[in-house]
Amino acid sequence: MFSAIHRNSFIEQLQSKEFDLLVIGGGITGAGIALDAAARGMSVALVEKQDFAAGTSSRSTKLIHGGLRYLKQFEFGLVMEVGREREIVYRNAPHLVIPEKMMLPITEHGSLSMLSSSVGIYVYDMLAGVKRSERRRMLNKNETLAHEPLLKKEKLKGAALYTEYRTDDARLTIEILKTAVKKGATCLNYVAAEEFVYSSGKVCGAKVHDVFSDRKLEIKAKKVVNACGPWVDKLREKDNSLKGKRLHLTKGVHLVFEHNKLPLSQSLYFDVSDGRMIFAIPRGNATYVGTTDTNYTGELERPTVTKQDVAYLLAAVNNMFEGISLTEKDIASSWCGLRPLIHEDGKSPSELSRKDEIFISESGVISIAGGKLTGYRKMAEKTVNLVAKQIQHETGKTFSSCTTDKITLSGGNFENPKAVSKFIASLLPIAKETGFPSEELNKLVYKYGTNTSLILEKAKEFSSLETAEIWYSVNYEMTTSLSDYLIRRTGRLYFERPEITTGYNKYFEQLLSILGTNNTIPKNSLKEFEIELSSVVDFQ
């Protein structure tokens, strides 16, 4: 079990042996590397100084998409790769990757015409290997308004309708980590890498700090991978290897509105006056809009949403939809993420490539940066291929090739994606018997997949679905704080903020009760969450 209650035993495992691989960074990239390496038979440790997915991997647009925008940059290879990867992630985690139609409205004086959109998305469908049933359809003006009546009519010419895949980025990360742990990896949040350890000038581990117990540990490893996202260059500095190529951080902001404030019928990807494009996506009782793309040089741990960011997105939305006049007061929540891109002289944030790159220092530290959520598995494969090759060269030890394209992620044990709805139907009698609302069952399955069965069984014991969900999160997802649970494990801070604003103390008490005498919850957990709660509607 990936349990916070047994956290101390995981700490002991970190210093019990020399690992084949130490991964520093618990976002989607580090999680993917840990799973790939563990599946090949490597002994793997992963440490993350915050919570898993606390950085970029919980703050994306929450799409597993084929990268339509990359066609403009003529990155055909990237479109092909992420298109294939999208299908693999969908197959391996169908409870978290949901296909839905995306509309691309065509307007007068917009950057796209009906012809260029039709040809562009056709090429995109071919390159990305899109299934025939999901390929683009071109709509005339009346058909477009039938799909989305909220669009302004006067400048509308028509639209392209194509398929994107929605996800929960933080939950995808945690399901990958749970699968890696099941394969034998030792993964811990709130363990900060403070300095590298060397032998004869070559890296052989790291000194780390357990934030909870204030213990200092040394982890020994044959190979060390720096997968810290926006913090990659910070670790390269610790290794005295920040030379040549470096990161270029850009900031992406999303705003969330209650659905009745922006009652879209479907997801859209539309033009903005500066030539960029943004998404507007309905999700449950909310609609979220984003993203911005601006240079960033501030604090990495808590990037902020500015009034300028808010004004930009509000203007874009109000300009696109009929009868919509949203103001800052209408914002229910927000999030702000950083993209760890590779710097290219003379290029604006939106022009920078989303390709990933690997840097190897003289001491042997392997750093990986760039890339996209959709491409996490291929990034991991390239990195672990390199690690395996190096270990074989130095020790003669061999490992199997990558198999993660065939590994079902935790909770994804469905015969096929259509089986998700059948699974929900099979649980309805249990929900009815225990008096739990069927709509809550849907939410649970699209978060936890087949693991929902365990939550329902525990709910009978507790006579509370809410308590059972927290119990599962603590015992199976290394949840140690209120922010872990309400932000990264459930997304409630972003999509249900009005509901939790008055009830978060109740969650905190339940968390304390479940952790019990093995209480590893940080003393400032409640205060930290309250800061998060206010920050998502406090714009500087």
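Provided above is the structure to which this section pertains.
In this text the structure is predicted, and so the values were computed from the model without any measurement.

A. Representation of the overall build of the chain. The number of helices and strands found in the chain is 18 helices and 17 strands. Over its C-alpha trace the chain gives a radius of gyration of 23 Å, about what one expects of a compact globule, namely 24 Å for 540 residues. On the principal axes, the C-alpha backbone points of the chain span a range of 70 × 60 × 45 Å. Residue pairs in contact within the chain that sit at least 24 positions apart in sequence constitute 72% of those at least 6 positions apart. Distance between charge centroids for the chain: 3 Å, based on 72 positive and 65 negative side chains.

B. Expanded view of the nonpolar core. Counting residues in each nonpolar core, the largest one holds 138 residues, and the members touching the most others are Phe-2, Leu-22, Ile-24, Ile-33, Leu-172 and Phe-529. Those residues within four positions of Phe-2 in sequence are excluded, and the remaining contacts are Phe-10, Phe-52, Ile-174, Leu-177, Lys-178, Val-181, Cys-187, Val-474, Asn-475, Tyr-476, Glu-477 and Met-478. By size, the runner-up hydrophobic cluster in this structure holds 32 residues, among which are Leu-156, Phe-257, Met-320 and Ile-331.

C. Spotlight on a nonpolar patch on the surface. A cluster of nonpolar side chains, namely Phe-76, Leu-115, Val-119, Tyr-122, Val-123 and Met-126, defines an oily patch on the protein surface of about 550 Å² accessible area. The dominant element in the nonpolar patch, judged by the number of residues it contributes, is helix α4 (residues 114-127), at five residues. Locating Val-119 in the fold gives a position in helix α4. A relative accessible area of 44% places Val-119 in the partly exposed class.

D. Inspection of helix α2 (residues 28-39) at higher detail. Taking 1.5 Å per residue as the helical rise, α2 with its 12 residues ought to reach 16 Å, and the 16 Å between its terminal C-alpha atoms agrees with that figure. The buried count for α2 comes to 11 of 12 residues, which makes it a mostly enclosed element. Of all the positions in α2, only Ile-28, Thr-29, Gly-30, Ala-31, Gly-32, Ile-33, Ala-34, Leu-35, Asp-36, Ala-37 and Ala-38 are classed as buried. Packing partners of the buried residues in α2 comprise β1 (18-24), β2 (44-48), α6 (169-182), β9 (215-226), β17 (366-370) and α9 (376-395). Residue Gly-41 follows α2 closely and has a positive phi angle near 100°.

E. Quick look at unusual backbone geometry. For the peptide bond that leads from Gly-290 to Thr-291, omega is 20°, which places it in the cis range. When you line up the elements, Thr-291 lands in the loop between β13 (286-290) and β14 (294-295). In this structure, Lys-62 is a non-glycine residue whose phi angle is positive, near 65°. Counting through the fold element by element, Lys-62 comes out in the loop between β2 and α3 (76-92). Taking the relative accessible area as the measure of exposure, Lys-62 reaches 3% and is therefore buried.

Parameters at a glance
Residues numbered from 1 in each chain as written. Predicted model: local features only at pLDDT ≥ 70, side-chain atom pairs only at ≥ 80, totals over all residues. Heavy atoms only, no water. Helix = DSSP H or I, 4+ residues; strand = E, 2+ residues; numbered from the N terminus. Rg over C-alpha atoms; globule rule 2.2 N^0.38 Å. Contact = heavy atoms within 4.5 Å. Lys, Arg positive; Asp, Glu negative; His and termini not counted. Charge placed at Lys NZ, Arg CZ, Asp CG, Glu CD. Core = buried A, V, L, I, M, F, W, Y, C linked by side-chain atoms within 4.5 Å. Buried < 20%, exposed > 50% of the residue type's maximum accessible area, 1.4 Å probe, protein only. Patch = residues over 30% accessible without salt bridge, like charges linked within 9 Å, V, L, I, M, F, W, Y side chains within 5 Å. Areas by Shrake-Rupley, 256 points an atom, 1.4 Å probe, with all protein chains shown as cover. Salt bridge = Lys/Arg side-chain N within 4 Å of Asp/Glu carboxyl O. Expected span 1.5 Å × (residues − 1).

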